[in-house]
Amino acid sequence: MTKRSPEKKIRKAPFVAIFIFLVFGAIGISLGEPSRVLEQATQICLSCIGIG
Amino acid sequence: MEFVRKWVQALFFLLTNGYWNFPVTKGIYQGPLKVICSPGLNCYSCPAATSYCPLGALQQLLGGIRLALENGQFFVGFYVIGAMGAIGSFVGRMICGWACPFGLFQELLNKIPSVTFSIWRPLRFIKYGLLLFMVVLLPLFAVDEFGLGSTWFCKYICPAGTLEAGLPLLILQSSLRSAIGLLFYNKLFILIAFTVWSVFTSRPFCRTACPLGAFYGLFSKIKLVKLRLAPEKCNNCQACHSVCPMGVHFNESPDDMDCITCLACSKACKTNAISLEIGGMPLPGQAQPCRPAKTARVHHQ
């Protein structure tokens, strides 16, 4: 019986993880988070940069 | 490969900081591209920034979570965590080595000829504490009378924010100079400390204090693109130890959470024991790992 070399196995874990986080992102988009992120990112956050 | 990496770093620096009209507008970019996640540490209050910083956005969302929920908005960070997680699952800390502007800044400083110092290894764990407390727990639970949390890491520590946003905005907008206080001097001190440290030590901020690197490091075992070690080829010459900019001993811990996949070890390895793989498959043109099982069987027969 021949065993398949472990080096040739495709790892599934990264694809599963990428898929899960893409679903997270899609949920965020459906909730309207990008508009909130955009709103924050287009304003100067003074406390963030240590001023004010 | 090092030459290619430098060009990729420069490209990402320009892509994430591509708004060069800021000397005229004296403000920051406010266009639609800022809905895109910057893979590396790049302050979105930087006048040239064209994308959002995942750490800053996450702290803002977590800090405002109560107010958002009260208003019926479920802004709990799915979008930002989704982007960070997808990047982490794909390449992990390879972002630090190939796409982070602040990583590039430290690398350039380290090229200044000087004596070199290593970093006491337990210091590397500080960044995980910063990720947990300054990026997640404090913005979430340390709230003011209005139920708003603060961006603790950005506000008190982030040297990238001081370098890329604080200092340029002070130069561009004279009205801001009157607002300088202890908070700014604290952050300026941290920036200067890491700047000086970077001359004598390779990537000190990445290794000790970057929460974004800490987050990406959590994916070291499962990320799609990673380096692999062929232990049967390794003769323990420790060439990979001396060239690693992150102080990783690759042949001892191939899945080290601090590996930034810069490929310096792969180049230094004389026995081709280190190669790049994508999803378990070796990259074309890379050294093929040995197959010990087959060889061992032959010897036993």
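Attention here is on the structure that accompanies the text. (Residues numbered from 1 in each chain as written. Chains lettered and ligands numbered in written order. Predicted model: local features only at pLDDT ≥ 70, side-chain atom pairs only at ≥ 80, totals over all residues. Heavy atoms only, no water.)

Quick notes on the interface of chain A and chain B
Logical step 1: Listed per partner, the contact involves 38 residues of chain A and 57 residues of chain B.
Logical step 2: Of the roughly 3,900 Å² buried between chain A and chain B, counting both surfaces, carbon and sulfur atoms make up 70%.
Logical step 3: Across the contact surface, chain A and chain B share one salt bridge.
Logical step 4: Linking Arg11(A) and Glu277(B) is a salt bridge whose minimum nitrogen-to-oxygen distance equals 2.9 Å.
Logical step 5: Secondary structure elements with two or more residues in the side of chain A that touches chain B: helix H1 (13-31) and helix H2 (33-41) of chain A.
Logical step 6: Of all the elements, H1(A) adds the most residues to the side of chain A that touches chain B, at 13 residues.
Logical step 7: Tallied by class, the residues present in the side of chain A that touches chain B amount to 22 nonpolar, ten polar and six charged. (Contact = heavy atoms within 4.5 Å. Buried area = accessible area lost by both parts, 1.4 Å probe. Salt bridge = Lys/Arg side-chain N within 4 Å of Asp/Glu carboxyl O. Helix = DSSP H or I, 4+ residues; strand = E, 2+ residues; numbered from the N terminus. Nonpolar A, V, L, I, M, F, W, Y, C, P; charged D, E, K, R; others polar.)

Examining the pairing of strand S2 (residues 274-278) of chain B
Residues and elements named next belong to chain B.
Logical step 1: The element S2 is extensively covered by neighbouring structure, given that four of its five residues are classed as buried.
Logical step 2: Bridging between strand S1 (residues 225-229) and S2 involves five bridges; their strand directions are antiparallel. Counterpart to leucine 229 in the pairing with S2 is isoleucine 274.
Logical step 3: When S2 meets strand S3 (residues 281-282), the two strands line up antiparallel, connected through two bridges. (Buried < 20%, exposed > 50% of the residue type's maximum accessible area, 1.4 Å probe, protein only. Pairing = 2+ DSSP bridges.)

Some words on the nonpolar core
Logical step 1: With 70 residues, the main nonpolar core has Leu41(B), Tyr52(B), Val80(B) and Phe153(B) as its most contacted residues.
Logical step 2: The residues that make up this core include at least three from each of domain 1 (55-217) and domain 2 (225-300) of chain B.
Logical step 3: Not counting residues up to four positions away in its chain, the partners in contact with Val80(B) are Glu33(A), Val37(A), Tyr52(B), Pro54(B), Ala57(B), Leu58(B) and Leu61(B).
Logical step 4: Of all hydrophobic cores here, the second largest spans nine residues; its members include Leu169(B), Leu170(B), Leu176(B) and Phe184(B). (Core = buried A, V, L, I, M, F, W, Y, C linked by side-chain atoms within 4.5 Å. Domains from an automatic or database assignment.)

Comments concerning the packing of aromatic side chains
Logical step 1: One pass over the structure, following the stated rule, counts 17 aromatic pairs over all chains.
Logical step 2: Ring plane angle 80° and centroid distance 5.2 Å describe the contact between Phe24(A) and Phe78(B), whose orientation is recorded as edge-to-face. Taken together, the residues Phe24(A) in helix H1 and Phe78(B) in helix H5 (residues 78-91) connect one chain to another.
Logical step 3: Phe24(A) sits in the partly exposed class, given a relative accessible area of 28%.
Logical step 4: Each residue in the set Phe21(A), Phe24(A), Phe78(B), Phe215(B), Tyr216(B) and Phe219(B) is aromatic and connected to the rest through ring pairs, giving one cluster.
Logical step 5: The cationic tip of Arg124(B) hangs over the ring face of Phe125(B); the distance from NZ or CZ to the ring centre is 5.9 Å. (Phe/Tyr/Trp six-rings, centres within 6.5 Å; stacked < 30°, edge-to-face > 60°. Lys NZ or Arg CZ within 6 Å of the ring centre and 35° of its normal.)

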